Amino acid sequence: MTEAQVVAVIQARTGSSRLPGKVLRPLAGRPVLGWMVRAARSAEGVDRVVVATSTAPGDDAVARLAEELGVEVVRGSEDDVLSRFVLAQQETGADAVVRLTADCPLADPGLVTKVVALWRAEQQLDYVATTLVRTLPRGLDVELASRAALAAADAEAEGYHRTHVTSYLYAGPRRFRTMGLVVDPPANDLRVTLDTAEDAETLDAVAAELGDRAPAWHEVVELLRSRPDIAGINAEVRQKALADG
């Protein structure tokens, strides 16, 4: 029996209502997308890494950078992000797909490794994630969907569920087999995602302290807890709701 194949898919595009071009922005001298690719490659249990971008001309730069970084690229709908993940799954034959977003450059390979290991141990699970009960800083999210769950979402999901890829698996009408990963004490009040100019300033400050490397999640939390001046830069930024797209 062949071992299940797990593919990390990083969604990335240049279009952003609040911070256009953010995934190409340099962070400690390395493009944000480069940070994500490095983290995905460093995770144990991930067999391949794919960047899923759109066919919009503005995303030619994303595709070129992904190729320069030596990873596979799939291109599809700009707004129907779920269809891009399905395309990546079909082209790679993945048994499960790890969803990563290119605007989360401090992704911890250790968290990806844990999520993948949980699914490999119980492959009847449809969805494994750090977000079912959010205890990590926003920007360290890791989600995994099985091939069957992704196909079900593709066949049934509509509206904003297609933009948010996995939301149908935990907030849709159908019941899926899910498992969540949590940490204690919780640190979900912190934010290290890249969506605004304040987020960019925060990430620059974190990278200046921790260096050009993929940090462990607890290092990020410890730094922000010890440096309220850094944590406070983007403390007032509010995440958009699912229905806002």
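Rules used in this analysis
Residues numbered from 1 in each chain as written. Predicted model: local features only at pLDDT ≥ 70, side-chain atom pairs only at ≥ 80, totals over all residues. Heavy atoms only, no water. Buried < 20%, exposed > 50% of the residue type's maximum accessible area, 1.4 Å probe, protein only. Helix = DSSP H or I, 4+ residues; strand = E, 2+ residues; numbered from the N terminus. Pairing = 2+ DSSP bridges. Axes fitted to C-alpha atoms, helices over the stretch in contact; angles between N-to-C directions. Parallel < 35°, antiparallel > 145°, perpendicular 65-115°, else oblique. Left-handed = near helix turned anticlockwise from the far one by under 90°. Contact = heavy atoms within 4.5 Å.

I keep staring at the pairing of strand 1 (residues 6-11) and nothing clicks. Help me out?
On a regular strand, one side chain projects to one face of the sheet and the next to the other, so that they alternate. When you tally the buried positions in strand 1, you get 6 out of 6 residues, the bulk of the element. By the alternation rule, side chains of strand 1 split into V6, A8 and I10 and V7, V9 and Q11, which are all buried. Of the pairings in the sheet, the one linking strand 1 to strand 6 (residues 96-101) comprises 6 bridges and is parallel in character. Along strand 6, the bridge assignment pairs V6 with A96. Relative to strand 4 (residues 48-54), strand 1 is paired through 5 bridges, and the arrangement is parallel. Following the sheet pairing, V9 is matched in strand 4 by V50.

Teacher, can you tell me more about the packing of helix 3 (residues 81-92) against helix 5 (residues 147-156) here?
Packed helices, taken two at a time, are described by the angle between their axes plus the distance between the axes. Closest axis-to-axis distance for the helix 3/helix 5 pair is 10 Å, and the angle between their directions is 140 degrees. The orientation of helix 3 with respect to helix 5, classified from their angle, is oblique. Relative to helix 5, the crossing made by helix 3 is left-handed. For the pair formed by helix 3 and helix 5, the contact residues are L82, F85, V86 and Q89 on the first element and R147, L150, A153 and D154 on the second.

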